[in-house]
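# Chain and residue survey
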Amino acid sequence: MIEEVRGALDEALKKVAGVVTLDELRVVDSEVLGKRGALAQAKTKLGALAIDDRKTIGQAINEAMGVVSEAVEVRRSALAHDEVNARIVGERIDLTEVLGRPTRGHPHLVTQAWDRLEDVFMGLGFQIAEGPEVETDFYNFEALNMPRSHPARSGFDTLFTDYRQVIANAGDESADADHESSVLLRTHTSPVQIRVMQSVEPPIYMIMPGRVFRRDTPDATHMPVFHQIEGLVIDRNITMAHLAGTISAFTKAFFGGDFTSRLRPNYFPFTEPSAEFDIQRPDGTWIELGGCGMVHPNVLRAGGLDPEEWSGFAFGFGIDRMARERHGIDDIRDMYSNDIRFIEQF
Ligand code: DAH
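Residues numbered from 1 in each chain as written. Predicted model: local features only at pLDDT ≥ 70, side-chain atom pairs only at ≥ 80, totals over all residues. Heavy atoms only, no water.

## As for the overall build of the chain
Along the chain, the regular secondary structure elements total 13 helices and 10 strands. Relative to the 2.2 N^0.38 estimate, which gives 20 Å for 346 residues, the radius of gyration of the chain is 38 Å and therefore markedly larger than a compact globule would have. For the chain, the spread of C-alpha atoms along the principal axes amounts to about 120 × 55 × 40 Å. Counting only contacts in the chain whose residues sit at least 6 apart along the sequence, the fraction spanning at least 24 positions is 65%. When the accessible area of the chain is evaluated, it comes to approximately 19,100 Å², of which 53% is carbon and sulfur surface. One finds the centroid of the 36 positive side-chain charges in the chain at a distance of 7 Å from the centroid of its 54 negative side-chain charges. (Helix = DSSP H or I, 4+ residues; strand = E, 2+ residues; numbered from the N terminus. Rg over C-alpha atoms; globule rule 2.2 N^0.38 Å. Contact = heavy atoms within 4.5 Å. Areas by Shrake-Rupley, 256 points an atom, 1.4 Å probe, with all protein chains shown as cover. Lys, Arg positive; Asp, Glu negative; His and termini not counted. Charge placed at Lys NZ, Arg CZ, Asp CG, Glu CD.)

Quick look at the structure:
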């Protein structure tokens, strides 16, 4: 009888060791430890044995069952571990195909220009502020001295998030009752000027970089999403001379000592007088960079400041254009193509 128990134990351990999946193990588990298993069957024969034999054989059977169930547990955890590993290997994504070879990433060339602009203006004593990309009509237009029906508004191909405003733009006046609370994607960084004036006590020496949006079809020189940097100075007795001096200092710090700048009269609703500023390269050619001017009294008032007490200047220009200029890129779309072969050159 003891031979029978030993044989059943060996047989059971062999079966457990031979199992290769958790499903198989579940079957073998009930085969060797269940009611119909050899060990359980041996138990049913105990009743026919002499009392001493019954005790020793019974004990041997219990020990054998303990050994087998421990073997089942050990096998179970080994198989579970293998299956997880197999899944991890199976689900692995081969990224070497995308990269070709391991390279270190670096900031995009627009981010590089953005960072450098911040560095240069911080060196000139400016602080940095940012505003929301989704704006209200008030901040994007109204507070910047562009009341509704102002012709300058049509110069910005605005993306409205408010359906009623889209209808109103198409000329249906009745749909436009709510225009002052209408919501849009900011067309320039100038609305941040108002937010800064409302929240910071002058004197203010601030730059405001950010992403802006216009309903433009992409071409070599336009993208519907691009970046601007805005500047705002508010203090007592600020004059056009401070503006010209700041643009000049910026030009030399950013482009180099052999570059110069000039202001050309222009019109913007939010500044009076207004100018466009150009940069001259060492070879004598000019680059048109952005707009600037003395902050309009209506804009100061919208920002909660008294025009009798405070005066200031503002400027704004495109960051993408700076990056394009610096690297001699012909087509602005290339900068956003995400073609690694193009991007990694800069
Ligand atoms: N907001 C203008 C634009 O997007 C640029 C600009 C012009 C900003 C004159 C200014 C400014 O601050 O004074 O075209």
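From this point on, the discussion continues.
## A word on empty space enclosed by the protein
Per the counting criterion, the structure on display carries 2 cavities of 30 Å³ or more. Around the largest cavity, the lining residues are L109, Q112, A113, F254, M322, A323, R326 and H327. Counting residues per element, the ones that place at least two in the lining of the largest cavity are helix 6 (109–123) and helix 12 (319–327). In terms of residue count, helix 12 provides more of the lining of the largest cavity than any other element does, 4 residues in total. The residue makeup of the lining of the largest cavity, split by class, is 5 nonpolar, 2 polar and 1 charged. (1 Å grid on protein atoms, 1.4 Å probe; cavity = no way out; pocket = protein on both sides within 12 Å on 5 of 7 lines; lining within 4 Å. Points joined across faces, edges and corners; volume = space filled by probe spheres on them. Nonpolar A, V, L, I, M, F, W, Y, C, P; charged D, E, K, R; others polar.)

## Some words on the site of the ligand
Within the structure, the ligand sits among 16 residues, and H188, S190, R214, Q228 and E230 are positioned closest to it. Note that an oxygen atom of the ligand is positioned 3.3 Å from one of the backbone N or O atoms of A314. Between the ligand and the protein, one listed contact pairs an oxygen atom with a backbone N or O atom of F315 at 3.3 Å. Summarising the interface, the protein chains cover 91% of the accessible area of the ligand, which totals 360 Å² for the free molecule. With respect to the detected pockets, the ligand is housed in the largest pocket. Counting residues per element, the ones that place at least two in the shell around the ligand are strand 6 (225–235), strand 9 (286–295) and strand 10 (311–318). Looking at the shell around the ligand residue by residue, the classes come out as 6 nonpolar, 8 polar and 2 charged. (Near = heavy atom within 4 Å. Polar contact = N/O pair within 3.5 Å; in protein donor to acceptor, adjacent residues only side chain to side chain. Sits in = over half its atoms within 2 Å of the grid points.)

## Here's the deal with the packing of aromatic side chains
Under the counting rule described, the total for this entry stands at 16 aromatic pairs. On the basis of an interplanar angle of 5° and a centroid distance of 4.8 Å, the ring pair of F121 and F250 is categorised as stacked. Taken together, the positions of F121 in helix 6 and F250 in helix 10 (residues 240–255) put the pair 129 residues apart, joining distant regions of the chain. Exposure class is identical for F121 and F250. Each is buried. Here F138 and Y139 contribute two aromatic rings whose centre-to-centre distance is 5.2 Å and whose plane-to-plane angle is 85°, an arrangement assigned as edge-to-face. An aromatic cluster is present here, built from F121, F126, Y205, F250, F254, F255, F259, F277, F313, F315 and F317 joined pairwise through their rings. The residue whose ring lies beneath R236 is W310, and the NZ or CZ to ring-centre distance is 4.2 Å. (Phe/Tyr/Trp six-rings, centres within 6.5 Å; stacked < 30°, edge-to-face > 60°. Buried < 20%, exposed > 50% of the residue type's maximum accessible area, 1.4 Å probe, protein only. Lys NZ or Arg CZ within 6 Å of the ring centre and 35° of its normal.)

## A look at the domain arrangement of the chain
Under the domain assignment, the chain is made up of domain 1 (2–91) and domain 2 (109–343). Each of domain 1 and domain 2 has a C-alpha centre, and these two points are 78 Å apart. (Domains from an automatic or database assignment.)

## Regarding the side chain of R153
Position of R153 among the secondary structure elements: in the loop between helix 7 (137–140) and strand 3 (159–160). Within the structure, R153 has its side chain in polar contact with the side chain of D137 (distance 3.0 Å). Excluding residues within four positions of it along the chain, R153 makes contact with D137, F141, E142, M146, P147 and R148.

## Let's talk about unusual backbone geometry
Look at the link from P202 to P203: it is a cis peptide, with omega at 5°. In this structure, P203 sits in the loop between helix 9 (191–199) and strand 5 (204–213). The omega angle of the peptide bond from E272 to P273 is -5°, so this bond is cis rather than trans. By the element assignment, P273 lies in strand 8 (residues 271–280).

## Here's the deal with the nonpolar core
By size, the foremost hydrophobic cluster in this structure holds 38 residues, and its most contacted members are L117, F121, F250, L289, F315 and F317. Contributions of two or more residues to this core are made by helix 6, strand 6, helix 10, strand 8, strand 9, strand 10, helix 12 and helix 13 (340–343). Residue contributions to this core peak at 7 residues, all from helix 6. Beyond its immediate stretch of four places on either side in the chain, L289 contacts F250, F255, F277, D278, I279, F317, G318, R321 and M322. With 25 residues, the next largest nonpolar core counts V196, M206, L232 and W310 among its residues. (Core = buried A, V, L, I, M, F, W, Y, C linked by side-chain atoms within 4.5 Å.)

## Details of the environment of I57
Structurally, I57 is set in helix 4 (residues 51–90). When the C-alpha atoms of I57 and P147 are compared, they prove to be 101 Å apart, with 90 residues separating the residues in sequence. When neighbours within four sequence positions are excluded, I57 is seen to be in contact with M1, I2, V5, L46 and L49.

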